[in-house]
Every structure is written in C-alpha cells, then in structure tokens.
Amino acid sequence: MSSVLYDAQGPRAKRRNILYTVLFVLAAAAVVWWVYDGLAEKNQLDWVKWKPFFVNTQAWETYIWPGFQNTIKAAFYSLLIALPLGALFGIGRLSDHRWVRMPGGAVVEFFRAIPVLLLMIIANAVYSEYADFDPDTRLLYAVVTGLVLYNASVLAEIVRAGILTLPRGQTDAAKAIGMRKGQTMVFVLLPQAVTAMLPAIVSQLVVIVKDTALGGAVLSYPELLASVRPMSANFGSNTIACFTIIALIYLALNFALTSFASWLERWLRRGKKSTGAVVTNGPGGDLETAGAPALKMSDESAG
C-alpha cells in the first residue's frame, strides 16, 4: 500500500529496517553498559554516595531547597520584567512611526546578539562599582538584569511574529468599526496572538530557568546547580549523585512548566470556541450578536 509521500516498504526494506533497529538497540545497550561499568569501577554507584538523598533531609534542607528557591526567585523576577518589556518592544517594532520602530529594533537586535553570560558579568561589575548592594542582593540583581535584557529581546521577536501571523482581515475589521490603532492592538490582535505565542513563551521560560545556572557558575550566585559543589564536599565527593539529583529536579520543573503551558493552551482554545458570538435576529429585523453590541447594516451596504 503506497502513500502520497512515500511508497510502501518491500520485503527487503523491511528486513533492512529490522536489522538497523537491532543494531541500534545493541549499540545503545553497549553504551549504557560502558557508562555503568565505568561508574561502578570508580565506586560512584555505591549506596553510601546516594544515601544522603534518601535517608535524611539534611541535603535537601541545607543545599537543594535554598538553591531551588534562588533559582525560582531569579527566574520569576526575570520573566515578570522581561515579558511586558518584550511585549512593549515587540509592539514598538510594528509601529508605523520610524522614531518608535527604529530605536526599538536597534535595542532588540543589540541585546539579542550579546551572550547572556556577558550581560550578567557587565551588570555585576556595574552594580559593584556604582551601587551599594550587599553581595547576595547584588548577585541576584546581576543575574536578573542579564536574563531580562537578553530574554526581553527574544520575547519581543516572539510577540512580533505572533502578531504578524494573524490574518490581515482582523486589522481591517477593527478599522471598519472605528477602532484606533492602540485599541486594535490591545483588544483584537494581542488576545488572539497570545494562544499562538504561548508555546514559544513557555519555551523561553524554560531557557530562563536553565540560564540561572550561568549566574551560579560564573558569579557564584547560590542557585540550584551551584549547590552541587558544597553538597558534594560535605557528603564524601559524591559528585555524580549530586549532579544526577539536580538534573532530575530540573527535568521535573521544566516538564511541569511545559505541561501547564499545554493545558493552558488547550483551555484558551476551548474557551474561544465556546464563547463565540451567536448571530440572532433582533427586533425590527436588525442583526444582533449575543453578548456584543448590535451591528446594523444599511440597505445600501447590504446590497
């Protein structure tokens, strides 16, 4: 049975694919065994190295939980500032006025081209020189500043692309009923673009959560990944165990974010389908829409 895209496999192709599958499984099993044997040979799989994470709560209370809180704090502040800032610059890049569009585009392209790590380092140096912050606050502000500057520029492009994907007829319809440009953007385009932008926005949120680790690696900000070094030193050089637990926490956190985003997207789409306006025949034969002002058409325009 053939398809439009490809022809059905013959007996030789099926045997070849089965052979490739078996070879791939064997190669993957060999790699897994090689990693397992290497870890076992260096005593990294001994129970004594994994015991602190399962027997008592000292590792969680002293190292992991404070680092997790700092990671969430930096990511939350960064998203809270970067999202409206990115929306502002994204809308500005769509402006009809050059004095708005050109500076907004320059800012977005400038900060999008600079590595977020370099932005964190510069922010930390500026705060150290010109601001009177205590060390912990300064590191938090430096990490948040770098994340905001970079991710706001990326979110600006996401917002701009989301708005541009909408049909031109949406803007024309808003103009036809007398809405100004600002009203069209706020009440017509942005609400519809949110659903289309949501997966990309959540993907950027995952990037923000992971990029907080850069602040720990370079600026010594006490985030989740930075807790590995003191934790490993305190529990007998169980570096592999520490990294594994931290990686699983990142995996669970990011999976929760993406799952919530998928649910929210489905809920928004379902809400749009269930709350659509219903056209009814109002008094005097005029057309009315349920839950919205009546739209009256003259005989000349109707003809």
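**Student:** Help me get a handle on the overall build of the protein, residues and values and all.
**Tutor:** Counting secondary structure elements, the protein contains 11 helices and 2 strands. Walking the protein from its N terminus toward its C terminus, one meets helices and strands in the order α-α-α-α-α-α-α-α-α-α-β-β-α. Within the protein, the proportion of its 303 residues that are buried is 31%. When the accessible surface of the protein is split by element, carbon and sulfur atoms take 65% of a total near 19300 Å².

**Student:** Tell me about the packing of helix H3 (residues 58-92) against helix H8 (residues 181-218), residues and numbers included.
**Tutor:** The N-to-C vectors of H3 and H8 enclose an angle of 145 degrees; their axes lie 10 Å apart at closest approach. Regarding H3 and H8, the two cross each other, and that crossing is right-handed. From H3, Thr71, Ala74, Ala75, Ser78, Leu79, Leu83 and Ile91 reach across to H8, where they touch Met185, Leu190, Ile201, Leu205, Ile208, Val209 and Thr212.

**Student:** Could you give me a rundown of the pattern of salt bridges, with the residues and numbers involved?
**Tutor:** Two side chains with opposite charge may pair up if their charged atoms get near one another. Under the criterion given, the structure shown has 5 salt bridges. Residue glutamate 157 pairs with arginine 93 through a salt bridge whose shortest N-O separation is 2.6 Å. With glutamate 157 in helix H6 (residues 135-164) and arginine 93 in the loop between H3 and helix H4 (98-113), this residue pair connects regions lying 64 residues apart in the sequence. Here the salt bridges do not stand alone but share partners, grouping Arg93, Glu109, Arg112, Glu157 and Arg160 into one network.

**Student:** Just give me the short version of the packing of helix H5 (residues 116-130) against H6, but keep the residues and values in it.
**Tutor:** Viewed as axis vectors pointing N to C, H5 and H6 meet at an angle of 135 degrees, and their least axial separation amounts to 8 Å. When the axis of H5 is compared with that of H6, the two are oblique. Taken as a pair, H5 and H6 cross one another with a handedness that is right-handed. Contact residues: Val116, Leu119, Met120, Ala123, Asn124, Tyr127 and Ser128 in H5; Arg138, Leu139, Tyr141, Ala142, Val143, Thr145, Gly146, Leu147, Leu149 and Tyr150 in H6. When the residues that make up the contact of H5 with H6 are grouped by side-chain class, the tally is 12 nonpolar, 4 polar and 1 charged.

**Student:** Outline the side chain of threonine 212, supporting the account with residue identities and numerical values.
**Tutor:** Along the chain, threonine 212 turns up in helix H8. The class of threonine 212 is buried, set by a relative accessible area of 0%. Among the polar contacts listed, one links the side chain of threonine 212 to the backbone oxygen of valine 209, at a separation of 2.6 Å. If sequence neighbours within four positions are ignored, threonine 212 has contacts with Thr71, Ala74, Ala75, Leu147, Glu223 and Tyr250.

Cut-offs used in this document
- Residues numbered from 1 in each chain as written.
- Predicted model: local features only at pLDDT ≥ 70, side-chain atom pairs only at ≥ 80, totals over all residues.
- Heavy atoms only, no water.
- Helix = DSSP H or I, 4+ residues; strand = E, 2+ residues; numbered from the N terminus.
- Buried < 20%, exposed > 50% of the residue type's maximum accessible area, 1.4 Å probe, protein only.
- Areas by Shrake-Rupley, 256 points an atom, 1.4 Å probe, with all protein chains shown as cover.
- Axes fitted to C-alpha atoms, helices over the stretch in contact; angles between N-to-C directions.
- Left-handed = near helix turned anticlockwise from the far one by under 90°.
- Contact = heavy atoms within 4.5 Å.
- Salt bridge = Lys/Arg side-chain N within 4 Å of Asp/Glu carboxyl O.
- Parallel < 35°, antiparallel > 145°, perpendicular 65-115°, else oblique.
- Nonpolar A, V, L, I, M, F, W, Y, C, P; charged D, E, K, R; others polar.
- Polar contact = N/O pair within 3.5 Å; in protein donor to acceptor, adjacent residues only side chain to side chain.

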